[in-house]
Amino acid sequence: MPGTLHKTLKTFKRYRALFLMVLPGMIYLIINNYLPMFGIVIAFKNINYRKGIFGSDWAGLKNFEYLFKTADAWVITRNTILYNGLFIIINLALAVAVAILLNEVKNRFMSRFYQSIILLPYLISMVIVGYLALAMLNGENGFFNHQVLPLFGIEPISWYSEPKYWPYILTIVNIWKNVGYLCIIFLAAIVGIDNEYYEAATLDGANKWQQIRTITLPLLSPAIIIMALLSIGRIFYSDFGLFYQVPLNSGPLQPTTDVIDTYVYRGLMTLGDIGMSSAAGFYQSVVGFVLVLVSNFIIRRKSPEQALF
Amino acid sequence: MMKSNHMNQYAVNLIFILMACASIFPFVLLVMASFTDQKAIINDGYSLLPSVFSLEAYKYMMQSSSSLIRAYGITVFITIFGTVVGLAISTMLAYPLSRSDMPLRKVMSFLVFFTLLFNGGLVSTYLIYTEVFHIKNTIWALIIPGLLTNGFYILLIRTFFSTSIPAAIIESAYIDGASEFKIFYRIVLPLSLPILATIGLMLGISYWNDWFNGLIFVTDSKLFSIQNMLNRMLSDIQFLQKSSMTNAAQASSNIPTDSVRMAIAVIGIVPIFCAYPFFQKFFVKGLTLGAVKG
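On a predicted model such as this, the values are computed, not experimentally measured, just so you know. (Residues numbered from 1 in each chain as written. Chains lettered and ligands numbered in written order. Predicted model: local features only at pLDDT ≥ 70, side-chain atom pairs only at ≥ 80, totals over all residues. Heavy atoms only, no water.)

The next point concerns the overall build of chain A. Scanning chain A from N- to C-terminus turns up 14 helices and two strands. For 309 residues, the compact-globule estimate of 2.2 N^0.38 gives 19 Å, and chain A exceeds it by more than 25% at 25 Å. Each of the three principal axes of chain A carries a C-alpha extent, and together these read 70 × 70 × 35 Å. Taking the contacts inside chain A whose residues are at least 6 apart along the sequence as the reference set, 63% of them involve residues at least 24 apart. Entry remark: accessible area of chain A is about 14,800 Å², with carbon and sulfur atoms responsible for 67%. (Helix = DSSP H or I, 4+ residues; strand = E, 2+ residues; numbered from the N terminus. Rg over C-alpha atoms; globule rule 2.2 N^0.38 Å. Contact = heavy atoms within 4.5 Å. Areas by Shrake-Rupley, 256 points an atom, 1.4 Å probe, with all protein chains shown as cover.)

Counting its secondary structure elements, chain B contains 15 helices and zero strands. Taking all 294 residues of chain B together, the buried fraction comes to 51%. Summarising the internal contacts of chain B: among those between residues at least 6 apart in sequence, 72% fall at separations of at least 24. Split by element, the accessible area of chain B, about 13,700 Å² in all, is 68% carbon and sulfur. (Buried < 20%, exposed > 50% of the residue type's maximum accessible area, 1.4 Å probe, protein only.)

This next bit is on the packing of helix 4 (residues 71-103) of chain A against helix 10 (residues 208-233) of chain A. Residues and elements named next belong to chain A. The contact between helix 4 and helix 10 brings their axes to 11 Å, and the two run at 145 degrees. For the pair helix 4 and helix 10, the sense of crossing is right-handed. Contacts between helix 4 and helix 10 pair Ile88, Leu92, Val96 and Ile100 from the former with Ile212, Thr216, Leu217, Leu220, Ile224, Met227, Ala228, Ser231 and Ile232 from the latter. For the contact of helix 4 with helix 10, the class distribution of residues is eleven nonpolar, two polar and no charged. (Axes fitted to C-alpha atoms, helices over the stretch in contact; angles between N-to-C directions. Left-handed = near helix turned anticlockwise from the far one by under 90°. Nonpolar A, V, L, I, M, F, W, Y, C, P; charged D, E, K, R; others polar.)

Along an α-helix, residues three or four positions apart point the same way, because every turn accommodates 3.6 residues. Residue and element names in this part refer to chain B. Helix length check: helix 8 (residues 151-164), at 14 residues, gives a terminal C-alpha distance of 20 Å against a target of 20 Å (1.5 Å per residue), a fit within 8%. Most of helix 8 is tucked away, with ten of its 14 residues classed as buried. Measuring from the backbone nitrogen of Phe152 back to the side-chain oxygen at the start of helix 8 gives 2.9 Å, which picks out Asn150 as the cap. (Expected span 1.5 Å × (residues − 1). Polar contact = N/O pair within 3.5 Å; in protein donor to acceptor, adjacent residues only side chain to side chain.)

Further remarks concern the environment of Lys59 of chain B. All names here are of chain B. As for its position among the elements, Lys59 is in helix 3 (residues 56-63). Relative accessible area serves as the criterion here: at 47%, Lys59 is assigned to the partly exposed category. For Lys59 and Val260, which are 201 residues apart along the polypeptide, the C-alpha to C-alpha distance reads 9.3 Å.

A word on the side chain of Thr115 of chain B. Relative to the assigned elements, Thr115 of chain B resides in helix 5 (residues 105-117). Using a relative accessible area of 8% as the deciding quantity, one classes Thr115 of chain B as buried. Polar contacts involving the side chain of Thr115 of chain B include one to the main-chain carbonyl oxygen of Val112 of chain B, which spans 2.5 Å. Once you skip the residues sitting within four places of it in the chain, Thr115 of chain B turns out to touch Leu29, Asn33, Tyr34 and Met37 of chain A together with Gly151 of chain B.

Within the largest apolar cluster, 184 residues are counted, with the highest numbers of intra-cluster contacts made by Tyr131, Phe186 and Val246 of chain A together with Tyr95 and Phe161 of chain B. Filtering out sequence-adjacent residues up to four positions away, Phe161 of chain B remains in contact with Thr91, Ala94, Tyr95, Ser98, Phe184, Val188 and Ser192 of chain B. Counting residues in each nonpolar core, the second largest holds five residues, with Ile193, Tyr198, Ala206 and Ile215 of chain A among its members. (Core = buried A, V, L, I, M, F, W, Y, C linked by side-chain atoms within 4.5 Å.)

As a further point, take the confidence of the model for chain B. Residue and element names in this part refer to chain B. Averaged over chain B, the pLDDT score is 87; the fraction of residues at 70 or greater is 89%. Mean pLDDT per element in chain B: helix 14 (residues 245-254) is the minimum at 56, and helix 7 (residues 140-143) is the maximum at 96. The ipTM for the predicted assembly is 0.90, set against a pTM of 0.90. (pLDDT = per-residue confidence, 0-100.)

Glancing now at the pattern of salt bridges. All names here are of chain B. The full count for this structure, using the stated rule, is eight salt bridges over all chains. With a shortest N-O distance of 2.9 Å, Glu180 and Arg99 are connected by a salt bridge. Here Glu180 is found in helix 10 (residues 180-188), whereas its partner Arg99 is found in the loop between helix 4 (66-98) and helix 5, with 81 residues between them in sequence. This pair shows no difference in class: Glu180 is buried, exactly as Arg99 is. (Salt bridge = Lys/Arg side-chain N within 4 Å of Asp/Glu carboxyl O.)

Relative to the helices and strands, Tyr244 of chain A resides in helix 11 (residues 240-245). Tyr244 of chain A gets classed as buried once you look at its relative accessible area, which sits at 8%. Setting aside its immediate chain neighbours within four residues, Tyr244 of chain A contacts Asn249, Thr262 and Tyr265 of chain A together with Trp211, Leu215 and Asn231 of chain B.

Next up on the list: a positive patch on the surface. Together, Arg108 and Arg112 of chain A together with Lys281 and Lys285 of chain B make up a region of like positive charge exposed at the surface. When residues of the positive patch are traced back to their parent elements, those giving at least two are helix 5 (108-119) of chain A together with helix 15 (258-291) of chain B. When you line up the elements, Arg108 of chain A lands in helix 5. In this structure Arg108 of chain A comes out as exposed when scored by relative accessible area, which is 64%. (Patch = residues over 30% accessible without salt bridge, like charges linked within 9 Å, V, L, I, M, F, W, Y side chains within 5 Å. Lys, Arg positive; Asp, Glu negative; His and termini not counted. Charge placed at Lys NZ, Arg CZ, Asp CG, Glu CD.)

Centre-to-centre distance and the angle between the planes together describe a pair of aromatic rings. Under the counting rule described, the total for this entry stands at 40 aromatic pairs over all chains. Aromatic side chains Phe240 of chain A and Phe212 of chain B sit 5.0 Å apart centroid to centroid with 70 degrees between the ring planes, which places their arrangement in the edge-to-face category. You can see Phe240 of chain A sitting in helix 11 and its partner Phe212 of chain B sitting in helix 12 (residues 212-217), one on each of two chains. Note on Phe240 of chain A: relative accessible area 12%, which makes it buried. We classify Phe212 of chain B as partly exposed; its relative accessible area is 22%. With centroids separated by 6.2 Å and ring planes inclined at 40 degrees, the aromatic side chains of Phe114 of chain B and Phe118 of chain B adopt a geometry described as tilted. (Phe/Tyr/Trp six-rings, centres within 6.5 Å; stacked < 30°, edge-to-face > 60°.)

Shown next, in the form of structure tokens:
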């Protein structure tokens, strides 16, 4: 049909400048995001650099067999899910509470000031956070061992070789770094609530706590739900920096600090065990994707307008 | 609202003053350590008030700083270059996707969106960048992988364009004979400063703070950014703690003292702390934009 072809060419000519504009970004996404998606077959291959990524021999499910036979598979899965589950619950609860309180600061200048300060940790790189943690926890001269523990008459603790403390440390660091950010997102949602609801409630004699329970929380719940579901969809991915930098990649701590991301990194970069590492990476990507689909499906059933797609 | 219904302002402010202190406390400790005499850190530990004040760490940095200045220069370069180029390609991709008359708009938007749902993971990303594109130990390793733009930014910019730039303006400019590029530069971009500032700031911060790409793609210390330098010093300490005494003695001579390390960390933070007050308005606005679904 020469007519349609002609029309297509004409449309293309009309929009060629816009197509040209799209080009660099699309090429970037293809290189950075789409090519690696095909590279996921590496998990089923026996990588041989001389034959290249795609030319290497197939290994079937052998890489996965090795991975799931190790005790590591269980440890990293458990740590990843427990930490992220804990982070989701604590961060959301704290951020909502802080956002509600922040909305009660009536002095606008002070409110801005507090917002700026609690957001600062969010802006700092994880390497620096590693330094801050070291200044606090260093065995010989850290702030805790030198200034805090003596106050309670406790002997210095060798933080970087005792796995049992790390679930607490990592949780606290994660809260310190991220709650300010989440809180400002919720604050924006609270500010968006129509003031008339509160005025009417006040006329009816509702106290502050009743207003929070019957107005703020219900109207905030869509934002809370979407943030929770977004994080649940990413529950198989961890903040690599948190789990790598803050425990200083320390071997003895691995039982409580190793997550899938750090395991994949170590397999690839320090152990050179690409087979196991790519199997773990495949497990992460695919389970992560399924979790996104499932969580989105659940939102769509409950309230379609909040679904991601 | 009636006065009696307010929460006790003193209590609320007290809570936030405590939170603010908790947020900045570690930074104060870091800055103080950088101004403390090395012997005092060893004897008295890190503390909020230096027992022996000293500028030695900063003097040492000034004197032996060629690698430090180099790392700083690399960080500044990748931050500026990456932010400008990243912002350019993100907005250029987002703009046509925001035009309701653009052919293939839905398909391309889906291609952008899908990158948020699924990815190839570290191993294949690493192998493709090293085996196919050979960016290991090049400056590109610090600029391109996973940093230049991402689907989330593109969707945010697209939403901004389609909600705040009236199609009628674009239409009439086109009828008046303006080219698409001219419309983009002369009309769309000037109307979009809030989103450009927001995304630019987010890109800038992630470039300044990035240490991961340097960690996996750069082994040549000439290409270290300030974050990679800091990271290398941390892993040297780790090595020191693990290794035997003789090795440790050798290694420790190469590692700057606590106060110098803390001073280097301080100069890694200072630019962000200095720039942040000017951008705070945009940053908070950007976070709230981020909460709106793309």
